[in-house]
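Structural overview
For reference, the chains in residue letters:
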Amino acid sequence: MSADHPFAAYHRAGGTARAEVAIATAPLTHYIQEAYHELDPADEEAPIFRDDLEHTVEPLLRRGFRNTIILAAGGYNPPHYGHAELLTHVLHHGGEDLNIIAAIMIPIDDTNLKRKFGIAENPIILPKSLRVSLCRNSPLIPNNVWVYDQPETEWHAFRSRLEASITSSGFTVNFMTVVGPDHISIASVHSPARWSCSETIVSDACRPADFVAGHHKNLVRITACTDWHRLKNPNLGKIRRLIEDKAARRFNDALVIGSVSHAVKGVPELTIRFVPWTEGQRKPNVSSTDMRKLIVSCDATELGSTKGLAGKALCHEELVQWILRELPERAKMSAVPVKGESTAVHEW
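Owing to the predicted nature of the structure, the values given are computational and were not obtained by experimental measurement.

Now for the overall build of the protein. What the protein contains, in helices and strands, is eight helices and 13 strands. A buried classification covers 51% of the 348 residues belonging to the protein. In the protein, once contacts between residues fewer than 6 apart in sequence are set aside, the share between residues at least 24 apart is 73%. For the protein, the computed accessible surface area is about 16,300 Å², with 51% contributed by carbon and sulfur atoms.

Here it is as structure tokens:
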């Protein structure tokens with residue numbers, strides 16, 4: 001054990017005894033619990049990452065490497081299979097140069113969801129506590145994903161504590177956002193600045209992207225961005241060591257392509273990384289809007305079937321029970337935003 005951190009250990013890459021490939025590691029769980037405790041002292045020992053499924057991999061920080069945590073912020077109103085597919089694909093294939101160790105899902109607050117619906121009367125807004133529960137309880141969400149359940153106003157202070165604690169132990173940590181292709185398109189670009197990030201990952205794992213042509217062979221240039229270019233690994237030897245050290249969770253790297261935006265007045269410079277879907281045919285495209293339309297239109301006998309939310313919404317049984325109990329007048333509710341007030345808060 002290392003003397004400078006109670007959770008640090010030395011893992012020898014590939015089983016070799018050579019000292020130069022020893023990598024100091026520490027579990028991310030400890031740092032999240034420490035930072036979260038200041039938000040909710042009653043939950044000091046609250047579980048962070050699930051350990052009840054097979055092949056659980058403890059998210060480990062590694063000295064000498066970039067450690068990336070991706071932020072998946074959105075409405076999740078409700079969360080669906082596409083969210084799980086996107087997170088799983090990016091966590092596995094985002095690129096070993098990033099060393100993505102975990103993701104944090106951030107369901108936005110109820111008040112921001114209400115703003116998104118504009119002047120729609122009686123909109124379908126699932127309470128944040130339910131959206132958090134559906135994400136946490138779904139077996140489709142990877143084990144190295146944690147769901148943040150506190151108010152958005154507390155996020156930046158929480159992240160600052162987390163980042164400071166990690167860096168003070170000698171590790172490097174980076175945060176970047178992940179979005180679906182509805183937020184990165186030919187005509188518009190999602191800005192991760194709201195979450196204090198300058199990098200974002202987009203993938204067509206959950207739905208087609210309008211900037212993709214010819215099975216990823218040709219990518220259309222995005223407005224205000226440079227042309228797409230293939231990323232080159234800066235240090236293949238170092239990355240090879242990392243892959244060997246993570247042999248228990250070795251993945252095949254997908255094609256990774258990046259784009260850097262031009263300096264546009266009022267828009268911070270950002271880097272976009274595209275991680276193409278390479279796993280064959282996609283599952284049917286679903287969205288939270290589609291789910292809400294089903295909530296409005298399906299009768300009680302079909303809501304929990306494949307004609308309704310089954311096979312589409314995460315933890316659909318828990319969701320259906322809540323709907324039948326809390327939304328007796330759902331047929332009269334609004335499933336989509338109505339223009340009027342600001343609808344700038346996007347859901348994912």
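Taken as a class, soluble globular proteins show a tendency for nonpolar side chains to be buried jointly. In terms of nonpolar packing, the biggest core is built from 27 residues, with Leu28, Leu71, Trp146 and Phe158 touching the most fellow members. Of all elements in the fold, only α1 (28-37), β4 (66-74), β5 (100-107), α5 (155-168) and β7 (172-179) reach the threshold of two or more residues within this core. The element contributing the most residues to this core is α1, with five residues. Every residue in contact with Trp146, bar those within four places of it in the chain, is listed here: Ile32, Tyr36, Pro47, Ile48, Phe49, Ala103, Ile104, Met105, Arg136 and Phe158. One finds Ala84, Val145, Met176 and Cys206 within the second-largest nonpolar core, a separate group that totals 25 residues.

With that out of the way, let us pick up helix α7 (residues 288-297). If you check which residues of α7 are buried, you get Ser288, Met291, Arg292, Leu294, Ile295 and Val296. Contact partners of the buried residues in α7: α2 (81-93), α3 (110-116) and α8 (316-326).

Judged by how many residues are buried, β7 sits mostly within the fold: six of eight residues are covered. Note that β4 and β7 share six bridges and pair parallel. Among the inter-strand pairings, Leu71 is bridged to a residue of β7, identified as Thr177.

Summing up the model confidence of the protein, the mean pLDDT is 80 and the portion of residues at 70 or higher is 75%. This model gives residues 1-22 a pLDDT under 50, and the stretch forms 44 contacts once residues within four places in sequence are excluded. Below a pLDDT of 50 lies the segment residues 341-348, which in the model reaches 35 contacts outside its immediate sequence neighbourhood of four places, other chains included.

Looking now at empty space enclosed by the protein. A full pass over the atoms with the stated rule returns two cavities of 30 Å³ or more. In this model, the largest cavity occupies a volume close to 80 Å³. What lines the largest cavity is simply Tyr81, Gly82, Glu85, Ala205, Cys206, Arg282, Lys283, Pro284, Asn285 and Val286. Looking at side-chain class alone, the lining of the largest cavity contains five nonpolar, two polar and three charged residues.

Rules of the game
Residues numbered from 1 in each chain as written. Predicted model: local features only at pLDDT ≥ 70, side-chain atom pairs only at ≥ 80, totals over all residues. Heavy atoms only, no water. Helix = DSSP H or I, 4+ residues; strand = E, 2+ residues; numbered from the N terminus. Buried < 20%, exposed > 50% of the residue type's maximum accessible area, 1.4 Å probe, protein only. Contact = heavy atoms within 4.5 Å. Areas by Shrake-Rupley, 256 points an atom, 1.4 Å probe, with all protein chains shown as cover. Core = buried A, V, L, I, M, F, W, Y, C linked by side-chain atoms within 4.5 Å. Pairing = 2+ DSSP bridges. pLDDT = per-residue confidence, 0-100. 1 Å grid on protein atoms, 1.4 Å probe; cavity = no way out; pocket = protein on both sides within 12 Å on 5 of 7 lines; lining within 4 Å. Points joined across faces, edges and corners; volume = space filled by probe spheres on them. Nonpolar A, V, L, I, M, F, W, Y, C, P; charged D, E, K, R; others polar.

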